[in-house]
Amino acid sequence: PKTFVGAFSSFGKDTEATKDAEGKFVEPTGKFLNVKAKPVGQRGQPVPVVVNMMPLELTAKPRQLYRVDFQPEQELRRHRLYLLHNVLEDFKQNWAYDGEALLYAPELLGGKKEHSLTTQRNVTREQVETVVVTLRWASHQKGTLDKRAVTFFCTQFKAGMLKQTQRKQVGTDYFDFDQAIHVPEYFCYLVPGLDCTVYVTQCGPVLSIDMQHKHVRTDTVWQNMKQSVRVDPRQRQEVISQMFEHKIVLLNYSDPTKPVTKRTVLVDRVRWDLSPKSTFPCKKSGKEISYKDYMRERYQIKNAALDENQPLLENVSKREHDREGKPKVSHFIPSLCSLTGQTTEMKADTRRCRELMKHTALPPHDRLSRIMSNVKALVEDAAFKSQLEPWGLQIKPQMIKLTARRLPSPAVVSKGGTQIQIGGVQSWDTQMPCLMFRAADALADWAIVTYAQTQTLREFVDKLKAWAEGTGVPLGNPRICVTQGQRPADYDAAIRQHLADKKPRFVLVGVAKKEEPYKTVKTLLSGPAFGIPSQFVMQEKLHEKMDLKVGKVLVQMNVKGGGAPWAIDMTGTDLVMFVGLDVHHSGTLGQPGASVAGYVAVLDRYCTRFYSRSFLVKSRQQILVPPTDQDPNLQSLTVQALGRFAAGNKKLPKYVVVYRDGGSEGELEAIHRVEVKAIQDGLEEARAKAAAHTKQPVDVPQLVFFVALKKIRTRFFAAATGSAPWPHTHAVGNPMPGTIIDTDITSNLLQEFYICCQHVNQGSATPTKYQKIADTSDLKTDVLQQWTYNLAHMYYNWYGTVRVPAPMMYASALAKYVGTNLRGHNVHQNLHPLLHYL
């Protein structure tokens, strides 16, 4: 089919389902596939790589496809499967069910194309439901590679995973709890599992397999609740409810009839009016039974684990309904549930993260070795094989090896046009000369807001001025503003009192704890009253490695003030405007906050001048559509950015290259229909304005639109060329920056490429996949790929390459900054040309 992009999840769901701006499902048209085909890139040095993909054999045998209907409808998959086993038992034929509405058979069932079969299902002990199962022949699927063959493989793959016993299902993934890695000092354990995705590529259907880890805490939900005893008793229930509502918990027991499944539950609310001794009507006996007795009889759980003082966790099902048609309500005992994932505090604990990364950030040889051992164990599992072999389906446990290219690294430019060849090193801070490419004039007039004018602060300022003099930054003598205390209100009052009349052009803020006054001060200084860029420092820690901190803070101040520490001559004589797009969703599940989009445009050939804007989008929506027509949108911001570009370069750019962060393959249709069209409309509007202003014909800038996918499981590794041949897993390593693949494993319908821009010395590198969904330009593939790599050198928070182009990184930082700290409010227009959010 035309709209088949080539990505399927391992559980058989077609990821092409797409939504419109209102969130409704619409039929894809595949227009984003109609991009002008161009030859693949040729630039770069060839390098052998190994990819974590394995070939699939999907075309061995033909199949008969039936449509399955149930009357009355059955909402649960297990009920539908039970009914099918009942009605098809007499046919004595092999068949496969996808769990929804499709049934496969090697031959016509009973030699007929249509069946209407009746069976019964026990709803309760007293109530029996009669169900009519209708099978209608739909098509004869030949043994050829198409979308239906991939769907069928995913169906059988899932069925095989449900039959094997080594790994247990958690959500839609499978984890080996017997191989769990316990980390007792942090009260958690990591469960290894497999992440599987099917792709149809230029070299045929492949199964992409990577290792993943499930973080499970060893302390139960009830133990976490009891740790909140320090809370005011009058607020204890409310505080605990806020802690656990809308969290996902893992049940520490399994259904005896489903030993392969580990169930996770979303907690909708905490029921303080219920406890383990509360009763409910048992479905089987029809009698009242307490939760405590039920767990002991059903799961053999002893009373010691069932403290009667604990409340219950409530889940309201979105799929199951009771006999009255209401959503099914289930209750769970906190002492039998564990929390999954990590809290914000856990993620902020650097020691904890480093310890966990020792187990999860696997080096290339370990990662490939574990993948291979898991795959071999899986394909040799008798229960798993029984689902695939009768249908002629096969996974070949052999990694794909191919030839990639390594692009040349660009030269970094410092003040005066001096070029430094960096050669793909991890960091070039030691190779850069002292002088900044461009110094920020705003630093000549700056102020310091601090809670105490300490000797350490004076020493820091003196060194800052000395560094500024050596790097050519005009750092003047600061105005000192001392607050009355360390509370956010004290900073707010001091700034309004001392800086409102004569506003400085930059503010350095000294704090004891960053999180307390940060949001208040940033909102004030970024808002309509001031419009001043600012930099925060932890004043009590300035004495630690002060010389190192001075250099980093000066670079940040120079960048936020409008300067640039280095540059890259991106485009030569061609005028190009690069644009980065991203969206950030703040708030928590069930309590949606501001969803903010970031828009950052590059306004010069050296990628050192920017136009940064943010705008609200519909809450929790990935497509960049503002809530109302009066809000800023992609079209209006594109017009404004092109106006700024023309003002600085005397004409519009010839090309506009957009890098859009995020968006799954199921959202490509909506991105093309909404976002690409909005930018194209903006290009045409800007052309019309320029033509009216110059009274001369003006060409519309040519558009290239990339969607960048970072959350992918595809990895490739540099293969050794020495004596240790593949598949010896110690013969692999991380690819060097600039390694790119645009053949073999890329989509057979969509133009895309994988590139690894960053230098990785811990764990395994993950490339970024770029999918081109619009291209009206005459640019060659080599040029676009080189620009993409060059832009990864221009993120001023790091003297090295980053994973994605800098404009996209800036857009992500801007969206997160505005959504999290400014709560979605717009910043002063003075800040639009500045990277004030770094």
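Residues numbered from 1 in each chain as written. Predicted model: local features only at pLDDT ≥ 70, side-chain atom pairs only at ≥ 80, totals over all residues. Heavy atoms only, no water.

Some points on the overall build of the protein chain
Next up, step 1: Summing up its helical and strand segments, the protein chain has 17 helices and 41 strands in all.
Next up, step 2: A buried classification covers 53% of the 838 residues belonging to the protein chain.
Next up, step 3: Sequence separation of 24 or more characterises 71% of the internal contacts of the protein chain that already satisfy a separation of 6 or more.
Next up, step 4: If you sum the accessible surface of the protein chain, you get close to 38,100 Å²; carbon and sulfur atoms cover 49% of it. (Helix = DSSP H or I, 4+ residues; strand = E, 2+ residues; numbered from the N terminus. Buried < 20%, exposed > 50% of the residue type's maximum accessible area, 1.4 Å probe, protein only. Contact = heavy atoms within 4.5 Å. Areas by Shrake-Rupley, 256 points an atom, 1.4 Å probe, with all protein chains shown as cover.)

A look at the packing of helix 14 (residues 634–649) against helix 15 (residues 668–694)
Next up, step 1: Closest axis-to-axis distance for the helix 14/helix 15 pair is 8 Å, and the angle between their directions is 40°. It follows that helix 14 is oblique to helix 15 by the angle criterion. When you trace helix 14 past helix 15, the crossing you get is right-handed. Contact residues: helix 14 offers Leu634, Gln635, Thr638, Val639 and Leu642, while helix 15 offers Glu675, Ala678, Ile679, Asp681, Gly682, Leu683, Glu685, Ala686 and Lys689.
Next up, step 2: Class assignment for the residues of the contact of helix 14 with helix 15 results in 7 nonpolar, 3 polar and 4 charged. (Axes fitted to C-alpha atoms, helices over the stretch in contact; angles between N-to-C directions. Parallel < 35°, antiparallel > 145°, perpendicular 65-115°, else oblique. Left-handed = near helix turned anticlockwise from the far one by under 90°. Nonpolar A, V, L, I, M, F, W, Y, C, P; charged D, E, K, R; others polar.)

Describing the side chain of aspartate 661
Next up, step 1: Mapped onto the elements of the fold, aspartate 661 is located in strand 35 (residues 655–661).
Next up, step 2: The exposure class assigned to aspartate 661 is buried, which follows from its relative accessible area of 5%.
Next up, step 3: For aspartate 661, the contacting residues outside a window of four places in its chain are Leu581, Asp582, Gln622, Ala708, Lys710, Met808 and Ser812.

Some words on helix 15
Next up, step 1: Across its 27 residues, helix 15 extends 37 Å between first and last C-alpha, which sits within 8% of the 39 Å expected from 1.5 Å per residue.
Next up, step 2: The axis of helix 15 is deflected most strongly, by about 25°, at valine 676.
Next up, step 3: Phi for lysine 695, located one or two positions after helix 15, is positive at around 55°. (Expected span 1.5 Å × (residues − 1). Bend = angle between axes of the 7 residues up to and from the residue.)

A closer look at the sheet that holds strand 28 (residues 446–450)
Next up, step 1: Spatially, 4 strands are ordered 29-28-30-31 in an open sheet, and the strand pairing comes out parallel. Strands at the two margins of the open sheet, each flanked by one partner only, are strand 29 (479–482) and strand 31 (534–538). Neighbour-to-neighbour, the strand axes of the sheet open up by a mean angle of 20°, direction not taken into account.
Next up, step 2: Each of strand 28 and strand 30 (506–511) touches helix 10 (residues 455–471); the most contacted strand, strand 28, lies at about 160° to it.
Next up, step 3: Sheet strands touched by helix 11 (residues 488–498): strand 28, strand 29 and strand 30. Its angle to strand 29, the strand with the most contacts, is close to 140°. (Pairing = 2+ DSSP bridges.)

A short note on the sheet that holds strand 9 (residues 114–122)
Next up, step 1: If you walk across this open sheet you meet the 5 strands as 7-8-6-10-9, and the pairing is antiparallel. Across the chains shown, the open sheet's two edge strands, defined by having one partner strand only, are strand 7 (96–97) and strand 9.
Next up, step 2: Relative to strand 9, helix 1 (residues 77–88) is tilted by about 120°, and along the sheet it contacts strand 6 (63–71), strand 7, strand 8 (102–105), strand 9 and strand 10 (128–141).

Focus: the packing of aromatic side chains
Next up, step 1: For the coordinates displayed, the defined rule picks out 20 aromatic pairs.
Next up, step 2: On the basis of an interplanar angle of 75° and a centroid distance of 6.5 Å, the ring pair of tyrosine 294 and tyrosine 299 is categorised as edge-to-face.
Next up, step 3: What makes tyrosine 294 partly exposed here is its relative accessible area of 26%.
Next up, step 4: Tyrosine 299 sits in the buried class, given a relative accessible area of 18%.
Next up, step 5: Among the aromatic side chains, those forming a connected cluster through ring pairs are Tyr253, Phe280, Tyr291, Tyr294 and Tyr299.
Next up, step 6: When the ring centre of tryptophan 137 is taken as origin, the NZ or CZ atom of lysine 113, which lies over that ring, is 4.1 Å away. (Phe/Tyr/Trp six-rings, centres within 6.5 Å; stacked < 30°, edge-to-face > 60°. Lys NZ or Arg CZ within 6 Å of the ring centre and 35° of its normal.)

Things to note about the nonpolar core
Soluble globular proteins tend to pack their nonpolar side chains together in the buried interior.
Next up, step 1: Among the nonpolar cores identified, the biggest contains 93 residues, and Trp787, Tyr796 and Tyr810 are the most heavily contacted of them.
Next up, step 2: By residue number, the principal contributor to this core is helix 17 (residues 806–820), which donates 8 residues. (Core = buried A, V, L, I, M, F, W, Y, C linked by side-chain atoms within 4.5 Å.)

Some words on the packing of helix 11 against helix 12 (residues 518–526)
Describing two packed helices takes the angle between their axes plus the distance from one axis to the other.
Next up, step 1: As a packed pair, helix 11 and helix 12 sit with axes 9 Å apart at the nearest point and diverge in direction by 25°. Our classification of the angle between helix 11 and helix 12 gives roughly parallel. Helix 11 and helix 12 meet at a crossing whose hand is right-handed. Of the residues in helix 12, those in contact with Pro488, Tyr491, Asp492, Ile495 and Arg496 of helix 11 are Thr520, Val521, Leu524 and Leu525.
Next up, step 2: Among the residues making up the contact of helix 11 with helix 12, the classes are represented as 6 nonpolar, 1 polar and 2 charged.

What to know about the pattern of salt bridges
Next up, step 1: Scanning the model with the defined rule gives 30 salt bridges in all.
Next up, step 2: A salt bridge links arginine 271 to glutamate 314; the nearest nitrogen and oxygen atoms lie 2.6 Å apart. Of the two residues, arginine 271 is situated in strand 18 (residues 269–271) and glutamate 314 in strand 21 (residues 312–321); the sequence distance between them amounts to 43 residues.
Next up, step 3: Assessed through its relative accessible area of 15%, arginine 271 is described here as buried.
Next up, step 4: Measuring nitrogen to oxygen at the nearest pair gives 2.6 Å for the salt bridge that ties arginine 660 to glutamate 675. Pair noted here: arginine 660 is in strand 35 and glutamate 675 is in helix 15, with a separation of 15 residues, a long-range link.
Next up, step 5: On the basis of relative accessible area, glutamate 675 is assigned to the buried category, the value being 0%.
Next up, step 6: Overlapping salt bridges, with partners in common, bring together Asp195, Asp210, Arg367, Arg713 and Arg715 in one network. (Salt bridge = Lys/Arg side-chain N within 4 Å of Asp/Glu carboxyl O.)

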